[in-house]
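Examination of the molecular architecture
Letter by letter, the chains look like this.
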Amino acid sequence: MSTDYTATIHPTTASIPAAVWNSLVPSTDGVPDNPFLDHAFFRALEESGCATGKTGWQPQHILLAQDDKPVGLLPLFLKSHSMGEYVFDHGWANALERAGGHYYPKLQGSVPFTPATAPKLLVPSGSLEAQAALLQTAQQLATRTDASSIHLTFVPEAEAELAGSIDWLRRVDTQFHWHNHDFKSFDDFLETLASRKRKVIRRERRDALADGLTVRWLTGKEIEEQHWDAFFEFYEDTGARKWGRPYLNRRFFSLLGEYMADRVVLMLAHDGPTPIAGAINFRGVDTLYGRNWGATRDVPFLHFEVCYYQAIDYAIAHGLKTVEAGAQGEHKLARGYEPVLTHSIHWIAHPGLRRAVADYLEDERPAIEQQQETLETYTPFRKGERQ
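The text that follows walks through the structure, step by step, so that each part is easy to find. This one's a predicted model, so the numbers in the text were calculated from it and none came from an experiment. (Residues numbered from 1 in each chain as written. Predicted model: local features only at pLDDT ≥ 70, side-chain atom pairs only at ≥ 80, totals over all residues. Heavy atoms only, no water.)

1. Re the sheet that holds strand β13 (residues 274-283)
Stated formally: One bridge is not enough; two strands pair if DSSP finds at least two bridges between them. Secondary structure elements follow DSSP: runs of H or I no shorter than four residues count as helices, runs of E no shorter than two count as strands, and numbering proceeds from the N terminus. For helices, the axis comes from a line fit to the C-alpha atoms of the stretch in contact; other axes are also lines fit to C-alpha atoms, and the angle between any two N-to-C directions lies between 0 and 180 degrees.
What the 11 strands build is an open sheet, ordered β4-β7-β8-β9-β16-β10-β15-β14-β13-β12-β11; its pairing is mixed. On the outer flanks of this sheet lie β4 (57-59) and β11 (214-219), each paired with one strand and no other. In this sheet, neighbouring strand axes are inclined to one another by 30° on average, regardless of whether the strands run parallel or antiparallel. When strand β9 (residues 149-155) meets strand β16 (residues 338-348), the two strands line up antiparallel, connected through 6 bridges.

2. Thoughts on empty space enclosed by the protein
Spelled out, the test is: Method remark: on a 1 Å grid restricted to protein atoms, a set of points is classed as a cavity if a 1.4 Å probe fits but cannot get out and as a pocket if it is open with protein on both sides within 12 Å along at least five of seven lines; lining residues have an atom within 4 Å of a point. Grid points are joined across faces, edges and corners, and a volume is the space filled by probe spheres set on the points.
Evaluation of the coordinates by the stated rule reveals 5 cavities of 30 Å³ or more. In this structure, the largest cavity encloses a volume near 80 Å³. Considering the residues around the largest cavity, the lining is formed by 13 residues, among which Phe41, Leu248, Phe252, Arg291 and Asn292 are closest to the centre. Residue assignment for the lining of the largest cavity shows that the elements contributing at least two residues are α2 (39-47), α9 (250-260), β13 and β14 (287-295).

3. Details of a negative patch on the surface
Heads up, the rule is: Candidate patch residues must exceed 30% relative accessible area and have no salt bridge, after which like charges are joined if within 9 Å and Val, Leu, Ile, Met, Phe, Trp or Tyr side chains if within 5 Å. Here the open area of atoms and residues is found with the Shrake-Rupley method and a 1.4 Å probe, where only the protein chains shown may cover a residue. Just to be clear on terms, a salt bridge is a Lys or Arg side-chain nitrogen sitting within 4 Å of an Asp or Glu carboxyl oxygen. In this charge count, Lys and Arg are treated as positive and Asp and Glu as negative; neither His nor the chain ends contribute. Charge coordinates come from a single atom per side chain, which is NZ of Lys, CZ of Arg, CG of Asp or CD of Glu.
A contiguous patch of negative charge, built from Asp4, Asp67, Asp68 and Glu129, is present on the exposed surface. Looking at where Asp67 falls in the secondary structure, it is placed in the loop between β5 (61-66) and β6 (69-74).

4. Details of the pattern of salt bridges
For the structure on display, the rule yields 16 salt bridges. Between Arg43 and Glu47 there is a salt bridge, with the nearest N and O atoms lying 2.6 Å from each other. Within this pair, Arg43 and its partner Glu47 are both found in helix α2, separated by 4 residues, close to a single helical turn. Among the ionic contacts, a cluster of salt bridges with common partners joins Lys79, Glu85, Asp89 and Lys106.

5. Quick word on the nonpolar core
Just so we agree on the cut-off: Throughout this description, the term nonpolar core refers to a set of buried Ala, Val, Leu, Ile, Met, Phe, Trp, Tyr and Cys residues connected via side-chain atoms within 4.5 Å. Only protein chains enter the area calculation, which uses a 1.4 Å probe; residues under 20% of their type maximum are buried, those over 50% are exposed, and those in between are partly exposed. Should any heavy atoms of two residues lie within 4.5 Å, those residues are counted as being in contact.
If you look at the biggest cluster of nonpolar residues, it comprises 46 residues, and the most contacted ones within it are Phe41, Leu248, Phe252, Phe253, Leu256 and Ile280. Looking at this core, the element that brings in the most residues is helix α8 (residues 225-243), giving 6 residues. Excluding anything up to four places from it in sequence, Phe252 contacts Phe41, Ala44, Leu45, Ser48 and Cys50. By size, the runner-up hydrophobic cluster in this structure holds 38 residues, among which are Trp293, Val299, Tyr308 and Leu375.

6. Some details on the packing of aromatic side chains
Threshold: Centres within 6.5 Å are what make two rings of Phe, Tyr or Trp a pair, Trp counting through its six-membered ring; a difference in plane orientation under 30 degrees is then read as stacked, over 60 as edge-to-face, and the rest as tilted. Definition used: whenever NZ (Lys) or CZ (Arg) falls within 6 Å of the ring centre and also within 35 degrees of the ring normal, the charge is taken to sit over that ring.
Tallied over the entire structure, the rule returns 26 aromatic pairs. Ring centres 5.5 Å apart and planes at 75° place the aromatic pair Phe231 and Phe253 in the edge-to-face group. Placement of Phe231 in helix α8 and of Phe253 in helix α9 is noted, with a sequence separation of 22 residues between them. On the accessibility criterion, Phe253 (1% relative accessible area) is buried. Against the face of Trp57 rests Lys79, its NZ or CZ located 3.7 Å from the ring centre. Stacked on the ring of Phe304, the Lys or Arg Arg335 has its end atom at 3.8 Å from the ring centre.

7. Observations concerning the packing of helix α7 (residues 195-208) against helix α10 (residues 302-318)
Stated precisely, the cut-off is as follows: Orientation is classified from the angle alone, with under 35 degrees giving roughly parallel, over 145 giving roughly antiparallel, 65 to 115 giving roughly perpendicular, and any other angle giving oblique. Crossings are assigned a handedness: left-handed for a near helix turned anticlockwise from the far helix by less than a right angle, right-handed for a clockwise turn. When residues are sorted by character, Ala, Val, Leu, Ile, Met, Phe, Trp, Tyr, Cys and Pro go into the nonpolar class, Asp, Glu, Lys and Arg into the charged class, and all the rest, Gly among them, into the polar class.
Relative orientation of the contacting elements α7 and α10 amounts to 115°, with a least axis distance of 9 Å. With respect to α10, the element α7 is oriented roughly perpendicular. Note on packing geometry: the crossing formed by α7 with α10 is left-handed. Residues Ile201, Glu204, Arg205 and Ala208 of α7 form the contact with α10, whose participating residues are Leu302, Phe304, Glu305, Tyr309, Gln310 and Asp313. Classifying every residue of the contact of α7 with α10 by side-chain character gives 5 nonpolar, 1 polar and 4 charged.

8. Regarding unusual backbone geometry
The residue after Tyr104, namely Pro105, is reached through a cis peptide bond having omega 10°. Residue position: Pro105 is located in the loop between α3 (90-98) and β8 (106-109). Non-glycine residue Phe113 carries a positive phi angle of around 65°. By the element assignment, Phe113 lies in the loop between β8 and α4 (128-145). The backbone phi angle of Asp167 is positive, close to 80°, even though this residue is not glycine. Relative to the helices and strands, Asp167 is located in the loop between α5 (157-165) and β10 (169-179). Look at Asp167 and you get exposed, because its relative accessible area is 53%.

Shown next, in the form of structure tokens:
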């Protein structure tokens, strides 16, 4: 690392003042463009006990300074497992363990439990030297902590290119995002789809709310503890079925309401006065990020309505450019969400494992890119309508 920089490792988010942290995050009028990079989001994760050493997410945030002035930040965690990441490396871990090595601890540069692309090498000046210094500091920290590897997941392509230039490994995967082409209404969006696809979506929306169900959008002070109670019940049901134990606890959602409710859009489906399903979204400067969903009643197509179609309605109404609907889900294609590549970068200390992973990624990358091309042929748009 250049002698012009000094780096400090912070074991909590709270040990870095919010004003310092957020000054290093891409922002508009002092508000972080991406809600998941907000100091408040990390603080809520840690203060609630969701992302701490006890849960295998020990903060090791790197703060970079030059002449005693903060110039860069890398949110980083020392991890004892690979859960809650959405970029799967279990096979890598198993290979090293079978060979007699240890994969854990490892260092993870990500927003816990959040598969949304956001910069991780937070340098407002854009200095490539400072970004490289953050990566080099992470490598030094890996040596000190006996970590097997470093993984920065859901990074912008530019960060992946920089890391690749200094011999980190690059990986790609696929998500599905909806893009707003200055639509004035949901019907405007539907007009870009093939006739058969339009009919299917209209039927799904009609059937989802056929029994008189209604959907409310709540944000800011509109979200009360009773709404968090209802949503947490939905979230627990989904989490228990998917993972066995949900990653987030009830206190986390209360802290969201206290620290950053204006960035939250809670969509609740009601049967009369009673909420029966819901989805939590986070609002960025130009993007709506869909995260978690759940329901206490099985209603056909209600998942699509609350998670995908209501998100599109909200984005159109508020002039947002993109809806990111989370990880995986090829069923999103038929609902107007398009495949996009996501990027992650990896540094592996063990030379044998590094070679094996590099060979694997060399084979995986063209397969993912081919899959991307194939998926694009299944989008529901009329010929010539995609922009």
